Amino acid sequence: MSEHKTSPHGKTRTSRIGRTLAFFLFVALIATMAVFGVNASFTDGRIAQGVAVMDVDVGGRSKEEAMDLLRRKVSGLTLTFEADTARTSLIPAAEEHKGSEPIVLFETAVAVNRAFDIGRSGHPFARTSSRIKAALAGTSIPLPYRLDRKALADELKNAFAAKVKMARDARISVRFDKVVGDYQAQVLPEEAGGTFDFNAAIADAEEHLKNFSSSPIVIPLSQDRPTMTADDVLPAAVQVPAAMDRAPFALKAKKLHWTVTKAVLAGWLTSVSDGSGVKLGFDRDQVTTYLKTLAPDLATDPK
């Protein structure tokens with residue numbers, strides 16, 4: 001009868017495999033207990049430890065406590081705009097209120113809900129992993145905001161209206177002196193102006209909101225140049241005497257008759273640009289005002 005002998009090496013290998021298997025089963029058991037343990041301890045309605053909104057630590061706090069911290073954070077931010085020697089300020093809102101539409105609104109409730117959801121969605125192992133990551137390395141949630149760019153542009157234009165000087169084109173001015181019965185024509189020179197680059201200011205404001213910066217926003221000044229210079233207008237000015245010599249003259253429209261005197265014509269004449277150059281023409285505003293006074297039905301705006 002033959003005897004079956006077991007190699008000592010075989011016993012060692014079997015023992016090692018058994019110990020390794022037992023170790024992994026132990027780790028799996030501990031991990032499972034940890035998952036359910038963490039899940040069980042995460043039902044108190046508080047945000048996971050290590051979670052922050054921007055630089056505001058909201059870990060371990062309730063939603064209400066986190067909202068209060070973010071309100072304080074937002075209330076400490078003021079956007080200050082400077083242009084020349086003038087300045088104006090804007091305080092962002094932290095919450096929406098019925099009946100009001102703030103220019104800048106930080107969506108604190110959205111940020112708090114996102115922070116609260118850390119470790120509360122997905123597979124239990126995924127939830128546990130996100131909580132452990134937050135606790136060990138920290139998890140930062142951005143604080144979103146809404147900016148009404150048009151409303152901000154309107155606010156800045158109103159605030160700095162006195163500092164804005166639009167360019168003025170050179171133009172022909174004809175004045176009639178009723179005392180002496182004669183007119184005087186002259187070319188009023190062009191004037192350069194300056195306006196503020198509000199689009200650049202709004203772009204800077206967005207960067208300040210992203211970085212939560214209260215440093216002043218300096219609105220850049222851009223030149224506003226005239227489109228017609230005195231040299232452009234002078235050739236048209238020499239046509240004024242010929243035009244004035246035509247007055248007085250009669251006009252007829254429908255059943256109405258009236259006379260355009262030299263005084264009236266002098267108020268109408270000015271320089272106009274038709275795209276190809278500067279010519280002597282009529283000031284439309286002056287003509288419209290005259291017609292509305294004389295015959296309102298002749299000065300009806302097109303619809």
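**What about the nonpolar core?**
Next up, step 1: Residues V51, F81, F106, L152, L156, F160 and I219 are the most contacted members of the largest nonpolar core, which totals 43 residues.
Next up, step 2: Broken down by element, the residue count for this core peaks at five residues, all from helix α6 (residues 198-211).
Next up, step 3: Counting 22 residues, the second largest nonpolar core, distinct from the first, contains V233, L269, L280 and L291.

**Notes on the sheet that holds strand β11 (residues 217-218)**
Next up, step 1: Overall, mixed pairing links the three strands, which are arranged β4-β3-β11 in an open sheet. Of all strands in the sheet, those with a lone pairing partner are β4 (86-90) and β11, marking the two edges.
Next up, step 2: As paired strands, strand β3 (residues 79-83) and β4 are joined by five bridges and run antiparallel to one another. Directly across from A83, in β4, lies its bridge partner A86.

**Quick notes on the sheet that holds strand β2 (residues 56-57)**
Next up, step 1: If you walk across this open sheet you meet the three strands as β2-β1-β6, and the pairing is mixed. Where the open sheet ends on each side, the last strands, each with one partner, are β2 and β6 (139-141).
Next up, step 2: Strand direction decides the pairing type here: strand β1 (residues 51-53) and β2, joined by two bridges, are antiparallel. Looking across to β2, one finds that V53 is bridged to V56.

**Notes on the side chain of T139**
Next up, step 1: Summarising the element assignment, T139 is placed in strand β6.
Next up, step 2: For T139, a relative accessible area of 15% corresponds to the buried category.
Next up, step 3: In this structure, T139 is in contact with G50, V51, A52, I118, K133 and A134, ignoring residues within four places of it in sequence.

**Points about helix α7 (residues 230-237)**
Every α-helix winds through 3.6 residues per turn, so residues three or four apart in the chain are directed the same way.
Next up, step 1: Those residues of α7 that sit buried are V233, A236 and A237. Taken down its axis, α7 places every buried residue within 100° of arc, on the same side.
Next up, step 2: Where the residues of α7 are buried, they touch β8 (171-177), β9 (182-188), α8 (240-244), β15 (269-273) and β16 (278-282).

**Some thoughts on the pairing of β8**
Next up, step 1: Looking at chain direction, β8 and β9 are connected through seven bridges and run antiparallel. The residue of β9 that forms the bridge with S173 is Q186.

Reading the values: the criteria
Residues numbered from 1 in each chain as written. Predicted model: local features only at pLDDT ≥ 70, side-chain atom pairs only at ≥ 80, totals over all residues. Heavy atoms only, no water. Core = buried A, V, L, I, M, F, W, Y, C linked by side-chain atoms within 4.5 Å. Buried < 20%, exposed > 50% of the residue type's maximum accessible area, 1.4 Å probe, protein only. Helix = DSSP H or I, 4+ residues; strand = E, 2+ residues; numbered from the N terminus. Pairing = 2+ DSSP bridges. Contact = heavy atoms within 4.5 Å. Arc of directions from axis to C-beta.

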